[in-house]
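# Working through the structure, step by step
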Amino acid sequence: MDKEYVGFAALPNQLHRKSVKKGFDFTLMVAGESGLGKSTLINSLFLTNLYEDRQVPDANARLTRTLTIERRGVEMEEGGIKVKLTLVDTPGFGDSVDCSDCWLPVVRFIEEQFEQYLRDESGLNRKNIQDSRVHCCLYFISPFGRGLRPLDVAFLRAVHEKVNIIPVIGKADALMPKETQALKQKIRDQLKEEEINIYQFPECDSDEDEDFKRQNEEMKESIPFAVVGSCEVVKDGGTRLVRGRRYSWGTVEVENPHHCDFLNLRRMLVQTHLQDLKEVTHDLLYEGYRARCLQSLARPGARDRASRSKLSRQSATEIPLPMLPLAETEKLIREKDEELRRMQEMLEKMQAQMQQSQAQGEQSDSL
Amino acid sequence: MAATDLERVSNVEPEPRSLSLGGHVGFDSLPDQLVSKSVTQGFSFNILCVGETGIGKSTLMNTLFNTNFETEEASHHEECVRLRPQTYDLQESNVHLKLTIVDAVGFGDQINKDESYRPIVDYIDAQFENYLQEELKIRRSLFDYHDTRIHVCLYFITPTGHSLKSLDLVTMKKLDSKVNIIPIIAKADTISKSELHKFKIKIMGELVSNGVQIYQFPTDDEAVAEINAVMNAHLPFAVVGSTEEVKVGNKLVRARQYPWGVVQVENENHCDFVKLREMLIRVNMEDLREQTHSRHYELYRRCKLEEMGFQDSDGDSQPFSLQETYEAKRKEFLSELQRKEEEMRQMFVNKVKETELELKEKERELHEKFEHLKRIHQEEKRKVEEKRRELEDETNAFNCRKAAVEALQSQALHATSQQPLRKDKDKKN
């Protein structure tokens, strides 16, 4: 049987054209203590020099420095595809001697973006909603220590349910290969122990080719990414020119997968998972925020259960609803309904009683 | 005449005259005697390592002394900074070294690091205090005393490439007047040559502009002045530590093997480890001990004694006499004690009087109450008596009435019983 060609197989192409026309926008937050190579990595990732004009403060200035949020916008184009990238920086994080609560401005910032979007979404004119929500947060961990420090844990705990976290080990050329493996394992264990939810890679569809699946697996297993960044192009000891760092004992190549995970990170962030990061931000994290917000409006004083539930990809793809596990919500609703009904009954009874006594009073009066 | 001459002689000491010797006497062996004595005694050296957890302090110690000290790895989750001293007995040739390595565990891990420097300062002061106590003892044995005063503090700087951290500045400022500080850039295989140059300049600039006094290798001794001067310019030393050996060429050297190359610890092109070892151990160890004793310890001692009330008399003709000051202090102290005792006794007597008064008052009150209650009790009793009498009267009255009624009744009965008799009588008639 020869089916007639209908033509909807061309849908992906239409989608492609439309998205190219629309362009992409992406907000990336970079966080971590100073001196871990964040700015250099961003420059390497996007092959630009975003941080040309910055001033690094000295120790005295850092003593009482508080955290500020800085936004930088970059418009890039490649192969006809336009990307508007917004970089959010957190200078001052971990700088002062007393860092208590220094992460609060970051949390506030992320929530403000959600709030803004919520307002826009609930507005009358929804044609041009600007999406300034943070889609991804690269958190830099120091390679000089033995895993996550108390400050790292505190920050991650404060933001993990509000933004996609990708943990990154900065300046990874301080670690020999077996040290890198040990540190990665330690960090993974600690993340599990502290119940911090980092960005989960989606499972591959079964119809993807083997190569892609293998790459995906590799990427998953190398979290947290151990990266090295460089703004310089050097000779690799031979004649090739590579982006890297030149030492007396050798040259670290940024784009060499045996030297560091830079390629993995770039592939993941830019080539394969950018859209997924945006979707997770919208479908999971934003919806969670929205549910919490609306719940607290509808029932002031209701306990914030949503903040304690686990992120589940399955529920997100099936029903784009708030994150509360359904069974719990149902139970809550039923309980509250019962209460309401009981209270109504009591009210009615009391009203009836009152009426009765009133009627009696009238009767006795008339008598 | 003679008397005044004598006076003059006894008051003014003449300049010692220098004479030349006619032959070899032999007192040029004095330094050797000193050395051999010291060698038999053994030396002690105390190093304090301050730096973030995981920055490479233990590895560097192992590398410096070419041994494995088997130090326990610390976690990042210490509540506060604590000092962990560990003493080892080392021997090289015939020289015994009692090495104490003190670790500042947990430094830099807390979220609030305001008080991080305090345990370190307290520890250093405690060692000075112990020495001072030993010195002030009546029967002391200083030659036998295990000197635990910190001779050098190796401050490990994180290789951020930018500048010092705020914690570093604060801590070094607190320590620079108490201990010889040698700043070190740890894990220096993360910084390239040009970055290192800029980093070193930045650090030294910050130290100078904030008035932090780090240890300067001495340049007054001719033998070592030159090398020390050169080394002073290389501060802070950028070091790499490793206890693992890697084959380079046909030799096994201590190194770190990366996919892109091998960093050799003892290669002067790769890092300043050799310089550190030279300066710290081979050239200036004795100077560090001396500086600790003659500068830092003396400063501590002076402050402490001034606190206690002792003073160097200056301007007065009488020299400072510890004994006199002691006596004066002792008298003062004893009179103070007596006064306090009197006061306490007085207070005690007063308190006793007060309590007695109170007790008397209470007794009187109780007595009153007792009387009052007794009276009430009697009142009640009387009332009860009255009532009882009334009751008795009533009962009597009632009984009388009862008797009267009964009598009437029986009469009435008698009368009626007689009537039918009369009737009968009438009938009979």
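Residues numbered from 1 in each chain as written. Chains lettered and ligands numbered in written order. Predicted model: local features only at pLDDT ≥ 70, side-chain atom pairs only at ≥ 80, totals over all residues. Heavy atoms only, no water.

### Notes on the overall build of chain B
- Tallying secondary structure elements over chain B gives 10 helices and 9 strands in all.
- Here the C-alpha atoms of chain B give a radius of gyration of 49 Å, more than 25% beyond the 22 Å that 2.2 N^0.38 yields for 429 residues.
- Taken along the three principal axes of its C-alpha coordinates, chain B extends 190 × 90 × 45 Å.
- The 429 residues of chain B split such that 35% are buried.
- Taking as baseline every contact in chain B between residues at least 6 positions apart, the subset at least 24 positions apart corresponds to 67%.
- Carbon together with sulfur atoms contributes 53% to the accessible area of chain B, which is approximately 28700 Å² in total. (Helix = DSSP H or I, 4+ residues; strand = E, 2+ residues; numbered from the N terminus. Rg over C-alpha atoms; globule rule 2.2 N^0.38 Å. Buried < 20%, exposed > 50% of the residue type's maximum accessible area, 1.4 Å probe, protein only. Contact = heavy atoms within 4.5 Å. Areas by Shrake-Rupley, 256 points an atom, 1.4 Å probe, with all protein chains shown as cover.)

### What to know about the interface of chain A and chain B
- At the junction of the two partners, chain A supplies 47 residues and chain B supplies 46 residues.
- Summing both partners gives a buried area of about 3900 Å² for chain A against chain B, and 55% of it is carried by carbon and sulfur.
- It is Phe144(A), Arg146(A) and Trp249(A) in chain A that bury the most area against chain B; as a group they hold 23% of the surface buried on that side.
- Summed over the shared surface of chain A and chain B, the number is 6 salt bridges.
- Among the salt bridges present, the one from Lys178(A) reaches Glu244(B), with a minimum N-O distance of 3.1 Å.
- Counting the contacts that link chain A with chain B gives 21 residue pairs in polar contact (both at pLDDT 80 or more).
- The set of elements that each furnish at least two residues to the side of chain A that touches chain B consists of helix H3 (59–62), helix H5 (150–159), helix H6 (177–193), strand S8 (241–247) and strand S9 (250–253) of chain A.
- Counting residues per element, the side of chain A that touches chain B draws most heavily on H6(A), at 4 residues.
- Looking at the side of chain A that touches chain B, its residues break down into 20 nonpolar, 13 polar and 14 charged. (Buried area = accessible area lost by both parts, 1.4 Å probe. Salt bridge = Lys/Arg side-chain N within 4 Å of Asp/Glu carboxyl O. Polar contact = N/O pair within 3.5 Å; in protein donor to acceptor, adjacent residues only side chain to side chain. Nonpolar A, V, L, I, M, F, W, Y, C, P; charged D, E, K, R; others polar.)

### A word on the UniProt feature "domain: Septin-type G" (unreviewed entry) in chain B
- Annotation from UniProt places "domain: Septin-type G" (unreviewed entry) at residues 41–307 of chain B.
- Between the first and last C-alpha atoms of residues 41–307 of chain B the distance is 35 Å; the span itself is 38% helix and 22% strand. (UniProt positions renumbered as here; feature names shortened; annotations may be inferred.)

### Describing the UniProt feature "coiled-coil region" (unreviewed entry) in chain B
- In the UniProt entry, the feature "coiled-coil region" (unreviewed entry) is given for residues 323–401 of chain B.
- Helix makes up 100% of residues 323–401 of chain B and strand 0%, with an end-to-end C-alpha separation of 115 Å.

### Quick word on the packing of helix H2 (residues 38–46) of chain A against helix H8 (residues 262–272) of chain A
Residues and elements named next belong to chain A.
- For the pair H2 and H8, interaxial distance at closest approach is 11 Å and the crossing angle is 65°. For the element pair H2 / H8, the angle class is roughly perpendicular. When the axes of H2 and H8 are compared, the crossing they make is right-handed. Of the residues in H8, those in contact with Leu41, Ser44, Leu45 and Phe46 of H2 are Phe262, Leu265, Arg266, Leu269 and Val270.
- The class makeup of the residues in the contact of H2 with H8 is 7 nonpolar, 1 polar and 1 charged. (Axes fitted to C-alpha atoms, helices over the stretch in contact; angles between N-to-C directions. Parallel < 35°, antiparallel > 145°, perpendicular 65-115°, else oblique. Left-handed = near helix turned anticlockwise from the far one by under 90°.)

### Observations regarding a nonpolar patch on the surface
- Nonpolar side chains collect at one region of the surface, where Leu21(B), Val25(B), Phe27(B) and Leu30(B) lie side by side and expose about 430 Å² of accessible area between them.
- Mapping Leu30(B) onto the fold places it in helix H2 (residues 30–41). (Patch = residues over 30% accessible without salt bridge, like charges linked within 9 Å, V, L, I, M, F, W, Y side chains within 5 Å.)

### Overview of the side chain of Asn43(A)
All names here are of chain A.
- Position of Asn43 relative to the elements: it lies in helix H2.
- With relative accessibility at 4%, the residue Asn43 sits in the buried group.
- Those residues within four positions of Asn43 in sequence are excluded, and the remaining contacts are Thr48, Asn49, Leu50, Tyr51, Cys231 and Arg243.

### Structural notes on the UniProt feature "site: Important for dimerization" (unreviewed entry) in chain A
- UniProt's entry tags Phe144(A) with the feature "site: Important for dimerization" (unreviewed entry), counted in the numbering of this structure.
- Within the secondary structure, Phe144(A) is located in the loop between strand S4 (136–141) and H5.
- Contact partners of Phe144(A), with chain neighbours within four places excluded, come to Arg149(A), Lys171(A), Ala174(A), Thr53(B), Gly54(B), Ile55(B), Thr158(B), Pro159(B), Lys187(B) and Thr190(B).

### Structural notes on the domain arrangement of chain B
- The domain architecture assigned to chain B consists of domain 1 (39–308) and domain 2 (341–402).
- One C-alpha centre belongs to domain 1 of chain B, the other to domain 2 of chain B; they are set 84 Å apart. (Domains from an automatic or database assignment.)

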